[in-house]
Amino acid sequence: MSQFQPTERTQVKRLPKRGHYDRETVYQILDTAFVCHVGFNVDGQPYVIPTNYGRAGDTLYLHGSAASRMLKTLSEGVPVCVTVTHVDGIVLARSAFHHSVNYRSVVIFGTARLVDSPAEKMEALRIFTEHVMKGRWDDVRQPTEQELKATTVLALPLEEVSAKVRTGGPLDDEADYSLPVWAGVLPLETVAKEPVPDSQRKSDRPVPDYLKNYRR
Ligand SMILES: Cc1cc2nc3c(=O)[nH]c(=O)nc-3n(C[C@H](O)[C@H](O)[C@H](O)COP(=O)(O)OP(=O)(O)OC[C@H]3O[C@@H](n4cnc5c(N)ncnc54)[C@H](O)[C@@H]3O)c2cc1C
């Protein structure tokens, strides 16, 4: 898979060896998460808003209420920065200074486009839903015209993109390796627990396979 071209803005400066621009790494990070943070500026005030997303090829889809400030602002074509982060572990060094975190993250710069064609909007919502829970879209009632009207969908092209990845144990100062301090990594991951059926259900349905086998 090809590479994103690093730009002045996406060049990883500190520890550049941790920077990645290949689509394989970027897609892997985007596809195993479903929460991003969207940064934009309104009248000099920066906002960073957590939200869900879906990806298809080199497009990231965001959606939300047509009344949302984030969606209204972004649909005016203002510059946006979107980040996605996985925390894979806490890195415990022998000195306070060298503590760190194992992570995989992506930073995207760009300008979002309002998706107004009904067909693309419906497809974007399918992609969005399937990104969070693969198999769900065909199982549920599809959006009505009114629901579509109340929903804004934006498409952010993946053009100016960087990924950064830290793996491995602590990197201590040579002199500190003999200190009597536990050092290593506490690995962390998000795991799905037992599904909890809605208390307002009118009939019992078996837990769908896509829920039983849910993994990111
Ligand atoms: C969970 C987590 C915890 C972190 N904790 C710290 C911390 O405590 N202190 C700290 O200084 N740094 C931390 N980092 C790293 C941080 O994200 C930056 O990489 C770091 O601040 C270096 O910035 P810089 O000045 O070199 O680059 P900047 O000038 O800030 O970045 C230049 C460009 O490099 C790219 N880039 C930079 N960082 C990332 C990234 N993480 N993912 C993808 N692209 C990136 C972007 O395109 C950015 O525009 C953490 C990262 C994660 C994911």
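What you see is a predicted model; the values in this text were computed from it and never measured.

> Describe the site of the ligand, listing the residues and the values that go with them.
If you check the shell around the ligand, you find 14 residues, and the closest are Arg9, Arg14, Ser105, Ser162 and Lys164. Within the contact set of the ligand, an oxygen atom lies 2.5 Å away from a backbone nitrogen or oxygen of Arg9. Take Ser105: an N or O atom from its side chain is 2.7 Å from a nitrogen atom of the ligand. Taken together, the elements giving at least two residues each to the shell around the ligand come down to strand E7 (100-111) and strand E10 (160-166). Here the shell around the ligand takes four residues from E7, the largest share from any one element.

> Tell me about the side chain of Thr10, and please be specific about residues and values.
Counting through the fold element by element, Thr10 comes out in the segment before strand E1 (19-20). Among the residues examined, Thr10 registers a relative accessible area of 2% and is labelled buried. When near neighbours in sequence (up to four residues on either side) are disregarded, Thr10 contacts Gln5, Tyr21, Phe109, Glu160, Val161 and Ser162.

> Could you give an account of the pairing of E10, with specific residues and numbers?
Judged by how many residues are buried, E10 sits mostly within the fold: seven of seven residues are covered. Side chains Glu160, Ser162, Lys164 and Arg166 project from E10 onto one buried face, and the interleaved Val161, Ala163 and Val165 project onto a second face that is buried too. Taken together, the two bridges between E1 and E10 define a ladder with antiparallel strand orientation. Bridged to His20 within E10 is Ala163. Sheet topology note: the E7/E10 ladder contains seven bridges and is antiparallel. Bridged to Val106 within E10 is Ala163.

> Provide a residue-level description of the nonpolar core, including the pertinent values.
In terms of nonpolar packing, the biggest core is built from 28 residues, with Leu30, Val38, Leu60, Leu74 and Ile108 touching the most fellow members. If you list the elements that add at least two residues to this core, you get helix H1 (23-31), strand E2 (35-42), strand E5 (59-65), helix H2 (69-75), strand E6 (79-92), E7, strand E9 (151-157) and E10. Looking at this core, the element that brings in the most residues is H1, giving four residues. With sequence-adjacent residues up to four places away left out, Leu74 is seen in contact with Val38, Phe40, Leu62, Val80, Ala112 and Leu154. The next biggest cluster of nonpolar side chains, apart from the first, holds nine residues, and it includes Tyr61, Val115, Ala124 and Leu148.

> Which residues make up the environment of Asp139, and what values do they have?
Relative to the assigned elements, Asp139 resides in the loop between helix H3 (118-132) and helix H4 (145-149). Residue class for Asp139 comes out partly exposed when judged on its relative accessible area of 46%. Between the C-alpha atoms of Asp139 and Thr51, which are 88 residues apart in sequence, the distance is 23 Å. Ignoring sequence-local partners within four residues, the contact set of Asp139 consists of Pro208 and Tyr210.

About the cut-offs
- Residues numbered from 1 in each chain as written.
- Predicted model: local features only at pLDDT ≥ 70, side-chain atom pairs only at ≥ 80, totals over all residues.
- Heavy atoms only, no water.
- Near = heavy atom within 4 Å.
- Polar contact = N/O pair within 3.5 Å; in protein donor to acceptor, adjacent residues only side chain to side chain.
- Helix = DSSP H or I, 4+ residues; strand = E, 2+ residues; numbered from the N terminus.
- Buried < 20%, exposed > 50% of the residue type's maximum accessible area, 1.4 Å probe, protein only.
- Contact = heavy atoms within 4.5 Å.
- Pairing = 2+ DSSP bridges.
- Core = buried A, V, L, I, M, F, W, Y, C linked by side-chain atoms within 4.5 Å.

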